[in-house]
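Summary of the model geometry
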Amino acid sequence: MLEVENFLDKDLFAIFEDLAEKVNEFEFYWPTKLNFIVRKESDGTVNSFVKTRWGSSGDSPAETFDYLIELEESLQDKIFDALKELQKNYFHAYEDYGKKLTDNNFKVDTFQTDLQFLETDTEVEPHIHHTGVSSVIYVRPRESKGTIFNDKVVDWKPNKAIMFTQETHSFMNTSSSVKRVNINIFINQDDSSHKLLS
């Protein structure tokens, strides 16, 4: 696992902070997890959508939408635009991190970024992402509990990024008043014969 503080440039991170604050201000029946997703496929096609999940386990009911009807479409477009900018500006950085975590042949195939809101007082059970490289960038609140890997808890700090491979992990929102907001990145590589470093 790798950890990098002050990962995003200040201007882009400020955009995500502002968007997180604006979404949090809306009053509606919040799902357990709310994700605004931009996925770039290997052929260059880009898809944007919203995913809601009701429950904290991997098999909890989930739905996808082009837009969430409870929020202004213009606000959701701003979120999608910020996620696309992250993909564009940090593509090569994540390819480099993939090489450090796996091997020197790592090349990005699919690249998904999402802005995730986790409901208050919620714990997500341990799980594994079946991607080449996963990454989390903490956004808000100022103080929280970071990602949990077995007995290790990553220190939470806004604009801190962690990168990891297929490792069991969990996370939680310990606040009873503020939603936990982070950016997730999931990257698959186009070389299926890569070898993870031990």
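Definitions and cut-offs
Residues numbered from 1 in each chain as written. Predicted model: local features only at pLDDT ≥ 70, side-chain atom pairs only at ≥ 80, totals over all residues. Heavy atoms only, no water. Helix = DSSP H or I, 4+ residues; strand = E, 2+ residues; numbered from the N terminus. Rg over C-alpha atoms; globule rule 2.2 N^0.38 Å. Buried < 20%, exposed > 50% of the residue type's maximum accessible area, 1.4 Å probe, protein only. Contact = heavy atoms within 4.5 Å. Areas by Shrake-Rupley, 256 points an atom, 1.4 Å probe, with all protein chains shown as cover. Lys, Arg positive; Asp, Glu negative; His and termini not counted. Charge placed at Lys NZ, Arg CZ, Asp CG, Glu CD. 1 Å grid on protein atoms, 1.4 Å probe; cavity = no way out; pocket = protein on both sides within 12 Å on 5 of 7 lines; lining within 4 Å. Points joined across faces, edges and corners; volume = space filled by probe spheres on them. Nonpolar A, V, L, I, M, F, W, Y, C, P; charged D, E, K, R; others polar. Axes fitted to C-alpha atoms, helices over the stretch in contact; angles between N-to-C directions. Parallel < 35°, antiparallel > 145°, perpendicular 65-115°, else oblique. Left-handed = near helix turned anticlockwise from the far one by under 90°. Phe/Tyr/Trp six-rings, centres within 6.5 Å; stacked < 30°, edge-to-face > 60°. Core = buried A, V, L, I, M, F, W, Y, C linked by side-chain atoms within 4.5 Å.

**A look at the overall build of the protein**
Of regular secondary structure, the protein possesses two helices and twelve strands. Mapped from its N terminus to its C terminus, the protein presents α and β elements in the order β-α-β-β-β-α-β-β-β-β-β-β-β-β. What you see for the protein is a C-alpha radius of gyration of 16 Å, in line with the 16 Å of a compact globule of 198 residues. When its C-alpha atoms are laid out on the principal axes, the protein stretches across 45 × 40 × 35 Å. Of all 198 residues assigned to the protein, the portion counted as buried reaches 51%. Taking the contacts inside the protein whose residues are at least 6 apart along the sequence as the reference set, 73% of them involve residues at least 24 apart. Working note: accessible area of the protein is about 9,900 Å², and carbon and sulfur atoms make up 44% of it. Each charge class in the protein can be summarised by its mean position, and for the 22 positive and 35 negative side chains these summaries are 5 Å apart.

**Details of the layout of surface pockets**
Within this model, the largest pocket holds a volume of roughly 600 Å³. In terms of lining, the largest pocket is formed by 33 residues, of which the most central are Lys33, Lys51, Gln116, His129 and Phe186. Mapped onto the lining of the largest pocket, the elements with two or more residues apiece are β2 (33-40), β3 (46-53), β5 (108-118), β6 (122-127), β7 (133-140), β11 (169-173) and β12 (180-189). The element contributing the most residues to the lining of the largest pocket is β12, with five residues. Its residues assigned to classes, the lining of the largest pocket comprises seven nonpolar, 19 polar and seven charged.

**Quick look at the packing of helix α1 (residues 10-24) against helix α2 (residues 73-101)**
Following both chains from N to C, one finds α1 and α2 inclined at 155°, their axes separated by 10 Å at the closest point. With respect to α2, the axis of α1 lies roughly antiparallel. Of the two elements, α1 crosses α2, and the hand of that crossing is left-handed. The residues of α2 that touch α1, namely those facing Leu12, Ile15, Phe16, Leu19, Lys22 and Val23, are Leu75, Lys78, Ile79, Ala82, Leu83, Glu85, Leu86 and Tyr90. Of the residues that constitute the contact of α1 with α2, the class distribution is eleven nonpolar, no polar and three charged.

**Topic: the packing of aromatic side chains**
Summed over all chains, the structure comprises 13 aromatic pairs. Ring geometry for Phe7 against Tyr97: centres 6.1 Å apart, planes inclined by 50°, an arrangement best described as tilted. Of the two residues, Phe7 is situated in the loop between β1 (2-4) and α1 and Tyr97 in helix α2; the sequence distance between them amounts to 90 residues. Its relative accessible area of 10% is what places Phe7 among the buried residues.

**Considering the nonpolar core**
Formed by 40 residues in total, the largest nonpolar core has its most connected members in Leu8 and Ile183. Those elements that provide at least two residues to this core are α1, β2, α2, β5, β7, β10 (161-164) and β12. Leaving out residues up to four positions away in the same chain, Leu8 has contacts with Phe13, Phe16, Leu86, Tyr90, Ile137, Asn159 and Ile183. Membership of the second largest hydrophobic core comes to seven residues, among which are Val136, Tyr138, Trp156 and Phe164.

Coordinates in, geometry out; function isn't part of it.
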